[in-house]
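Structural overview
Residue strings, one per chain:
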Amino acid sequence: TIRPVRRSYYDPSSAPGKGVVWEWENDSGSWTPYDMDVGITIQRAYEKQHPWVDLSTIGFCYVIDFATMGQINRQTQRKRRVRRRLDMVYPLVSGSLPKSQSWPASPGVAAAPPVPTCACPQCLLVMSVKATVSASGLGAATLQLRKAPPAPPAALKALAPAPGAKAPDGMTMARSSLKTLASQGGRQQAASTLALSLAMSPTSPPGAGSGKVSRPGLGALNRNHLQRLAIAQSRVLIASGVPTIPVKNLNGSSPVNPALAGITGILMSAAGLPVCLTRPPKLVLHPPPVSKSEIQSIPGISHTCRKTTKKQAKKGKTPEEVLKKYLQKVRHPSDEDCTICMERLSAPSGYKGPQPAVKPDLVGKLEKCGHIFHLHCLVAMYNNGNKDGSLQCPTCKTIYGVKTGTQPPGKMEYHIIPHALPGHSDCKTIRIIYNIPPGVQGPEHPNPGKSFTARGFPRHCYLPDSEKGRKVLKLLLVAWDRRLIFAIGTSSTTGESDTVIWNEIHHKTEFGSNLTGHGYPDINYLDNVLAELAAQGITEESLAQEKD
């Protein structure tokens, strides 16, 4: 069965370009990712801080409510949970795709490979791979190579052995010819040099120069030969402008990793795709070692460490008394929907949970943003939250009062180290070290009385020691004191429940690289994290409140 395939390119600023994946919870309780186009639409609305997004514009009868992180079916009103998680960034490959080729023509028949459309190194490499696989399946098979243009004297001289010297094997000839090719850089030279190097293999029968070449199978080459050939081919392809694809652990100790790298190259080459195996950049999580004498405190910030302990919710006020400060009663509500229960405001609340001591038909309007809800629904929402005396509008996220979180007890250290981050070579680096031990969940956590884990601590994070970087640090200290940096929940990377997770304030945990998207350079990071802090109610005004 033959089916068409295609490749899609996505903008680096889109959801796949950032590694953002949106998923919905199916009936079995597992998570299913949205189609790429749907995820891009949801992420675009999320970044613009819209309260919800209607997917009917792209052909789906769903509404995504960011306040409750739920998907609502417009026809049945059924609700499902949704979530947003970070994954690997969608790979971006530059360059145009070559014309696809079908090979072999029919199963079980050994046909000569089609004549390449040009004499570039890539076409000849594809021809070589196809011929090798054909030969390995049929034994001593022969094939007719395309006649290459005459090789320049320099290339022929490089291929000819010195008088009295031992004739080099096929691998040595391939390497020498590839070096000559890289130095010449011409496409016709590439064709002639590679063709000659393949024709002059020791396994070739007499008369190989006439065009008929006997090709050995891949089994004749050991692991070292395959690696050396791959590296030599990489140099040629890089010199000729072919896009490169990094393959991890090309020089690993296990034979599996180089084998996978070789298989990847063979499959992509056989399909007519340009491929070049290179060593990927290394992940640099931590800076070079720093002595205690090199560590400096941060000017303008007292101390170098903050600790948090368990803070109980404020007592003495009922939910009704708390909400009364932020609400105005509406006597004649309009015929709109309450975005919490999705019932008409003119009708009683549709909330079916534990009934608060409020009449279900009362309606209130939030003072700052002006959004209207059933008072019954707001009380229920407050009771399901942190009960800290604050309220957040489920529609526009406006915060009333001082929002606090449920971060477990821990320690936050911060200081300056004498190393620069990529993209910030003009300043030193602020290092933040978070350390939270495992413990037992309190009444404000998802499963009170149950133990929770704390994986990956201490966690090291980095900021540039610039004016804006110090501003971000000051606001992060406020977020730490308000217990908003971490929470207890389910990890989006491991799936483990009842563990310490990040709480929507992104940190940079790579010091000298940006392979996972959590490193530098990132010119928008400081602005993005300031926006995330503002979404938690932490702004420069918060610094003045903390001083008061």
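Rules behind the numbers
- Residues numbered from 1 in each chain as written.
- Predicted model: local features only at pLDDT ≥ 70, side-chain atom pairs only at ≥ 80, totals over all residues.
- Heavy atoms only, no water.
- Buried < 20%, exposed > 50% of the residue type's maximum accessible area, 1.4 Å probe, protein only.
- Helix = DSSP H or I, 4+ residues; strand = E, 2+ residues; numbered from the N terminus.
- Pairing = 2+ DSSP bridges.
- Axes fitted to C-alpha atoms, helices over the stretch in contact; angles between N-to-C directions.
- pLDDT = per-residue confidence, 0-100.
- Contact = heavy atoms within 4.5 Å.
- Phe/Tyr/Trp six-rings, centres within 6.5 Å; stacked < 30°, edge-to-face > 60°.

This next bit is on the pairing of strand β17 (residues 410–417). Judged by how many residues are buried, β17 sits mostly within the fold: six of eight residues are covered. Two elements, β17 and strand β18 (residues 429–435), share seven bridges in a ladder whose sense is antiparallel. Counted as the bridge partner of Tyr 414 is Ile 432 from β18.

All right, on to the sheet that holds strand β4 (residues 62–65) then. Backbone hydrogen bonds are what pair the strands of a sheet, in a parallel or an antiparallel way. The sheet built from six strands is open, its strands ordered β2-β1-β6-β5-β4-β3 with antiparallel pairing. Of all strands in the sheet, those bounded by a partner on one side alone are β2 (31–33) and β3 (52–54). Within the sheet, the average angular offset between the axes of one strand and its neighbour, ignoring direction, is 30°. Where strand β1 (residues 20–25) lies against β2, three bridges are found, and the strand directions are antiparallel. Bridging across to β2, Glu 23 finds its partner in Pro 33.

The next point concerns the confidence of the model for the protein chain. For the protein chain, the mean per-residue pLDDT works out to 75, and 64% of the residues sit at or above 70. When mean pLDDT is compared element by element in the protein chain, β18 scores highest at 97, while strand β7 (residues 142–144) scores lowest at 36. Within the model, pLDDT remains below 50 along residues 138–149, and this stretch shows 26 contacts once partners closer than five positions in the same chain are excluded. Contacts of residues 166–216 to residues separated by more than four positions or lying in other chains number 96 contacts, the stretch itself having pLDDT below 50.

Moving on to the packing of aromatic side chains. Taken as a whole and assessed by the stated rule, the structure comprises eleven aromatic pairs. Arranged with centres 6.1 Å apart and planes meeting at 90°, the rings of Tyr 520 and Tyr 525 form a pair that is edge-to-face. By relative accessible area, Tyr 520 is classed as buried at 2%. Residue class for Tyr 525 comes out buried when judged on its relative accessible area of 6%.

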